[in-house]
Amino acid sequence: MKIPRPIYEEMLEHAREDAPNECCGILGGKNDEATTLYRATNAEHSPLRYTLDPNDLFRITFREIPERDEEMLGIYHSHTASPAYPSQTDINLATYPDSIYLILSLAEDEEPLRGFHIDDGEVSEVDLTVE
């Protein structure tokens, strides 16, 4: 997946703003290239887990993404103190096998962004390109 640098920076900004809680949102785009970041509210308001607010999820996936003629490419969230790798909770709650789950880590000395497919409990890393 290709992510333009301004979208990458906006995701990091969102993670820092919502810390110590996890942030979350959706990336829209086409042909494996992100074009729009859609911020969502973490309904859990928690530093350990996230759930996209149902109203935000509905608005983004049924209104905003179709209005821009985009596809939902990925779901992002932050880990405020752990690596950018899916936790067991992330794996258990993953319900979009066709989407890429992007995880931003705010932990020191960690890779800040990684992406994964999560399907039926199986995790596989995907290549991300930030340009």
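Please refer to the structure placed before this passage.
Computed from a predicted structure; not experimentally measured.

Conventions we followed
Residues numbered from 1 in each chain as written. Predicted model: local features only at pLDDT ≥ 70, side-chain atom pairs only at ≥ 80, totals over all residues. Heavy atoms only, no water. Helix = DSSP H or I, 4+ residues; strand = E, 2+ residues; numbered from the N terminus. Rg over C-alpha atoms; globule rule 2.2 N^0.38 Å. Buried < 20%, exposed > 50% of the residue type's maximum accessible area, 1.4 Å probe, protein only. Contact = heavy atoms within 4.5 Å. Lys, Arg positive; Asp, Glu negative; His and termini not counted. Charge placed at Lys NZ, Arg CZ, Asp CG, Glu CD. Pairing = 2+ DSSP bridges. Right-handed = clockwise from strand over helix to strand, strands pointing away. Salt bridge = Lys/Arg side-chain N within 4 Å of Asp/Glu carboxyl O. Expected span 1.5 Å × (residues − 1). Bend = angle between axes of the 7 residues up to and from the residue. Polar contact = N/O pair within 3.5 Å; in protein donor to acceptor, adjacent residues only side chain to side chain.

Q: What am I meant to see in the overall build of the protein here?
A: Per the secondary structure count, the protein includes three helices and eight strands. Shown N-terminal to C-terminal, the secondary structure of the protein runs as helices and strands in the order β-α-β-β-α-β-α-β-β-β-β. For the protein, the C-alpha radius of gyration of 13 Å lies close to 14 Å, the compact-globule estimate for 131 residues. A principal-axis box enclosing the C-alpha atoms of the protein has dimensions of 35 × 30 × 30 Å. Expressed as a percentage of its 131 residues, the buried residues of the protein come to 43%. The contacts in the protein between residues at least 6 apart in sequence include a share of 62% that link residues at least 24 apart. Here the protein contributes 10 positively and 28 negatively charged side chains, and the mean placements of these two sets differ by 6 Å.

Q: What should I look at first to understand the pairing of strand S4 (residues 71-79) in this one?
A: Successive residues of a regular strand alternate their side chains across the two faces of the sheet. Burial runs high along S4: seven of the nine residues are buried. Bridge analysis of strand S2 (residues 24-30) against S4 gives six bridges, and the strand direction is antiparallel. Looking across to S4, one finds that Gly 28 is bridged to Met 72. Judged from the six bridges that link them, S4 and strand S5 (residues 100-105) form a sheet pairing that is parallel. Counterpart to His 77 in the pairing with S5 is Ile 103. Running through helix H3 (residues 88-93), the crossover from S4 to the neighbouring parallel element S5 is right-handed.

Q: Explanation requested: unusual backbone geometry in the structure shown.
A: Along the chain, Ala 19 connects to Pro 20 via a cis peptide bond; the corresponding omega equals 15 degrees. Its location among the elements puts Pro 20 in the loop between helix H1 (5-18) and S2. One non-glycine residue, His 45, lies in the positive phi region at around 45 degrees. Secondary-structure assignment places His 45 in the loop between strand S3 (33-40) and helix H2 (54-67). Residue classification places His 45 among the exposed positions, given a relative accessible area of 54%.

Q: It is not clear to me how the pattern of salt bridges should be interpreted in this structure. Could you clarify?
A: Side chains that carry opposite charge are capable of pairing whenever their charged atoms lie near each other. Under the definition given, this model contains nine salt bridges. One salt bridge connects Arg 5 with Glu 9, and the closest N-O pair in it is separated by 3.6 Å. Within this pair, Arg 5 and its partner Glu 9 are both found in helix H1, separated by four residues, close to a single helical turn. A relative accessible area of 40% places Arg 5 in the partly exposed class. Three or more residues joined by partner-sharing salt bridges are found here, namely Glu 13, Glu 17 and Arg 39.

Q: Got a minute to help me understand H2 in this structure?
A: Each full turn of the α-helix corresponds to 3.6 residues, which orients residues three or four apart in the same direction. With 14 residues, H2 should cover 20 Å at 1.5 Å per step; its first-to-last C-alpha distance of 19 Å lies within 8% of that length. Along H2, the helix axis deviates most sharply at Ile 60, where the bend reaches about 35 degrees. Buried residues of H2: Asp 56, Ile 60 and Ile 65, and no others. Taken together, the buried residues of H2 touch S2, S3 and S4. Two or three places before Asn 55, at the start of H2, stands the capping residue Asp 53, its side-chain oxygen 2.9 Å from that residue's backbone nitrogen. One or two steps after H2, the chain reaches Asp 69, where phi turns positive at roughly 55 degrees.

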